[in-house]
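Residue strings, one per chain:
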Amino acid sequence: MAESGQQRDPISAATGLWQHRVELNSNLIGMLSGIGVRSKFGFLANNDNGGGFYDYNRYYAGEELRYHSPGWNLKSGRAH
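Everything in this summary refers to the structure shown in the same document. No experiment lies behind these values; they were computed from the predicted model shown.

Reading guide: rules and limits
- Residues numbered from 1 in each chain as written.
- Predicted model: local features only at pLDDT ≥ 70, side-chain atom pairs only at ≥ 80, totals over all residues.
- Heavy atoms only, no water.
- Helix = DSSP H or I, 4+ residues; strand = E, 2+ residues; numbered from the N terminus.
- Buried < 20%, exposed > 50% of the residue type's maximum accessible area, 1.4 Å probe, protein only.
- Contact = heavy atoms within 4.5 Å.
- Areas by Shrake-Rupley, 256 points an atom, 1.4 Å probe, with all protein chains shown as cover.
- Salt bridge = Lys/Arg side-chain N within 4 Å of Asp/Glu carboxyl O.
- Patch = residues over 30% accessible without salt bridge, like charges linked within 9 Å, V, L, I, M, F, W, Y side chains within 5 Å.
- Phe/Tyr/Trp six-rings, centres within 6.5 Å; stacked < 30°, edge-to-face > 60°.
- Pairing = 2+ DSSP bridges.

**Notes on the overall build of the protein chain**
Argument step 1. Within the protein chain, the regular secondary structure consists of one helix and five strands.
Argument step 2. Here the protein chain holds 80 residues, and 20% of them are scored as buried.
Argument step 3. Long-range pairs, those at least 24 residues apart, make up 32% of the contacts in the protein chain between residues at least 6 apart in sequence.
Argument step 4. Accessible surface computed for the protein chain: about 6200 Å², of which carbon and sulfur atoms make up 60%.

**Let's talk about the pattern of salt bridges**
Argument step 1. With the rule as written, the count across this model stands at one salt bridge.
Argument step 2. For Arg66, the salt bridge is made with Glu64, and the minimal N-O distance between the two is 3.6 Å.
Argument step 3. The exposure class of Glu64 is partly exposed, given its relative accessible area of 21%.

**Topic: a nonpolar patch on the surface**
Argument step 1. On the surface, Ile35, Leu65, Tyr67, Trp72 and Leu74 cluster together into a nonpolar patch covering about 520 Å² of accessible area.
Argument step 2. Turning to its location among the elements, Leu74 is positioned in strand β5 (residues 73-79).
Argument step 3. Classification of Leu74 by relative accessible area gives partly exposed; the value is 43%.

**Observations regarding the packing of aromatic side chains**
Argument step 1. Using the criterion set out here, one finds one aromatic pair in the structure.
Argument step 2. Both rings, one in Phe43 and one in Tyr59, keep their centres 4.8 Å apart while their planes meet at 50 degrees; by these two values the pair is tilted. Of the two residues, Phe43 is situated in strand β3 (residues 35-47) and Tyr59 in strand β4 (residues 56-68); the sequence distance between them amounts to 16 residues.

**Concerning the pairing of β3**
Argument step 1. Pairing of strand β2 (residues 18-30) with β3 involves 13 bridges; the strand directions are antiparallel. Bridge pairing links His20 to Ala45 in β3.

From the geometry alone we can't say anything about function, so treat these as descriptive.
In structure tokens, the structure reads:
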């Protein structure tokens with residue numbers, strides 16, 4: 001599943017700060033075993049309307065291992 005979006009909150013509107021995000025998510029779930037793996041890859045760009053102090057481009061990736069049963073819901077993951 002690919003997601004793309006722009007975020008702008010009231011503080012960002014006052015400072016002219018724009019944030020762009022493109023994200024790709026992949027879910028692999030074993031329906032009978034209750035075990036799942038989620039992978040996330042993305043790119044984040046931040047731009048302001050001033051001198052560029054808050055400008056940056058960042059790539060990120062993450063993994064999450066999940067286990068679900070009627071009595072338990074466990075998650076473990078790491079993001080970069």
